[in-house]
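Read off the chains here:
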Amino acid sequence: MIKVAVTGAAGRMGRLIVKNVVEDEELELVQAFDVVNVGKDAGELAGVGKIHVPITHASELELKLSSDVLVDFTTAEAAVNNICVAAKKGVKLVVGTTGFTEEHWKKIKDCCRVPAVISPNFSVGVNVFWEIIRVAAKMLSNYDVEVLEMHHRFKKDAPSGTALKAVEIIKEVIGDRETVTGRSGICPRSDEIGVFAIRGGDVVGEHTVFFIGMGERMEITHRAWSRQAFAGGAIKAVKWISKVEDPGIYGMRDVLGI
Ligand code: NAD
């Protein structure tokens, strides 16, 4: 059995990860951390009944963390700390949190001396979407590129980690361009990539990349309508990382063998 701990266990993704771990016979949920719902049973919060794993306050992570893998879906600031604590304790990582700044990445790279899968999107479909974008960018390198993403009203960061990853891939192929995250007033288009975020309701996550030429455009779209698309991928990553011995930051490309 692979022993799994979850940080952000009371959140939207965390509860679903708890449910998936509890329902998987290769995995055992041993600890759950959050800063809210402390003391409540993680299984009851996740809707799978009592599992006798209470939510422990995240301030006790350093003292108490003891699992094979820690799964983190929290906030960027919290995740950086959780990653460094887990690494210090030799606990492998699966991190889905998004919104990391360059400063955050510097800290993560400095302290993450364990095998870790860090991905802004764990869905299998989005990882294929990124590969298709890579091919399209090669073939349509002189077309204008724009990215549109849509998420639920509670999402904290913008643009989404998935949209930024798409932009990163496109720039790897066509060369560096300025990223523009809004247009207003006099702003003629230059060689830039526009990235736009829509927020509302309960939209789980939608991304479209537009390659726009003279007289035609291509749109590549991925839509997720259930968070299970992410949770299922994160569970694949837990099983995969549990067998990896070499420290380093891996992505879903490695997990899926793309
Ligand atoms: P959420 O707000 O529902 O949950 C976050 C949880 O983290 C909350 O319960 C919060 O109390 C808790 N938290 C805050 N600080 C903490 C700390 N120091 N230690 C432990 N827990 C702490 O958010 P969500 O929708 O579950 O998303 C969480 C993150 O995952 C976001 O960054 C989101 O963009 C990202 N996300 C990634 C994927 C992916 O596939 N990689 C998919 C969905 C969401």
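Residues numbered from 1 in each chain as written. Predicted model: local features only at pLDDT ≥ 70, side-chain atom pairs only at ≥ 80, totals over all residues. Heavy atoms only, no water.

Visitor: For this particular structure, what's the right way to read the packing of aromatic side chains?
Guide: Given two aromatic rings, one states the distance between the centres and the angle between the planes to describe the pair. In total, this model carries three aromatic pairs according to the counting rule given. The interplanar angle of 75° and the centroid separation of 5.3 Å between the aromatic rings of W240 and Y250 together place this pair among those described as edge-to-face. Of the two residues, W240 sits in helix α8 (residues 228-241) while Y250 sits in strand β12 (residues 248-250), which places them 10 residues apart along the sequence. Residue classification places W240 among the partly exposed positions, given a relative accessible area of 25%. For Y250, a relative accessible area of 19% gives the class buried. (Phe/Tyr/Trp six-rings, centres within 6.5 Å; stacked < 30°, edge-to-face > 60°. Helix = DSSP H or I, 4+ residues; strand = E, 2+ residues; numbered from the N terminus. Buried < 20%, exposed > 50% of the residue type's maximum accessible area, 1.4 Å probe, protein only.)

Visitor: Which parts of the structure should I look at to understand the domain arrangement of the protein?
Guide: How big an interface is tends to be stated in terms of accessible area lost as the parts join. Domain assignment breaks the protein into domain 1 (2-118 + 228-256) and domain 2 (124-224). For domain 1 versus domain 2, the separation of C-alpha centres amounts to 28 Å. Carbon and sulfur atoms make up 58% of the area that domain 1 and domain 2 hide from each other, which totals about 830 Å². Among the residues of domain 1 in contact with domain 2, R12, F230 and R253 are the three that bury the most area, contributing 47% of the side total. One can count one salt bridge joining domain 1 with domain 2. Salt-bridge contacts for R253 lead to E131; the nearest nitrogen and oxygen are separated by 3.0 Å. If you look at where domain 1 meets domain 2, you find three residue pairs in polar contact (both at pLDDT 80 or more). Those elements that provide at least two residues to the side of domain 1 that touches domain 2 are α8 and α9 (252-256). For the side of domain 1 that touches domain 2, the leading source of residues is α9, giving three residues. Per-class residue counts for the side of domain 1 that touches domain 2 are three nonpolar, two polar and three charged. (Domains from an automatic or database assignment. Buried area = accessible area lost by both parts, 1.4 Å probe. Salt bridge = Lys/Arg side-chain N within 4 Å of Asp/Glu carboxyl O. Polar contact = N/O pair within 3.5 Å; in protein donor to acceptor, adjacent residues only side chain to side chain. Nonpolar A, V, L, I, M, F, W, Y, C, P; charged D, E, K, R; others polar.)

Visitor: Please explain helix α4 (residues 76-88) as it appears in this structure.
Guide: Each full turn of the α-helix corresponds to 3.6 residues, which orients residues three or four apart in the same direction. Across its 13 residues, α4 extends 18 Å between first and last C-alpha, which sits within 8% of the 18 Å expected from 1.5 Å per residue. Every buried residue of α4 is listed here: A76, A79, V80, N82, I83, V85, A86 and A87. Looking at the buried positions of α4, the neighbouring elements they touch are β1 (2-7), α3 (61-64), β4 (69-72), β5 (92-95), α5 (102-111) and β6 (115-118). Positioned one or two residues after α4, G90 has a phi angle of 70°, which is positive. (Expected span 1.5 Å × (residues − 1). Contact = heavy atoms within 4.5 Å.)

Visitor: Sorry, what's going on with the nonpolar core here?
Guide: Buried together is how nonpolar side chains tend to be arranged in soluble globular proteins. Residues V4, V6, I17, V71, V94, F122 and V238 are the most contacted members of the largest nonpolar core, which totals 37 residues. Of all the elements in the fold, those that place two or more residues in this core are β1, α1 (12-22), β2 (27-34), α2 (42-46), β4, α8 and α9. Considering each element in turn, this core owes the most residues, seven residues, to α8. What V71 contacts, discounting residues up to four positions off in sequence, is V4, A5, V6, T7, I17, V94 and V238. (Core = buried A, V, L, I, M, F, W, Y, C linked by side-chain atoms within 4.5 Å.)

Visitor: It is not clear to me how the site of the ligand should be interpreted in this structure. Could you clarify?
Guide: Neighbouring the ligand are 24 residues; R12, M13, D34, T98 and F122 lie closest to it. Within the backbone of M13, one N or O atom sits 2.8 Å away from an oxygen atom of the ligand. Between the ligand and D34, the relevant distance is 2.5 Å, taken from an oxygen atom to a side-chain nitrogen or oxygen of the residue. Protein burial of the ligand: of its 860 Å² of free accessible surface, 84% is covered by the chains. Residue assignment for the shell around the ligand shows that the elements contributing at least two residues are α1 and α4. Of the residues that constitute the shell around the ligand, the class distribution is 10 nonpolar, nine polar and five charged. (Near = heavy atom within 4 Å. Areas by Shrake-Rupley, 256 points an atom, 1.4 Å probe, with all protein chains shown as cover.)

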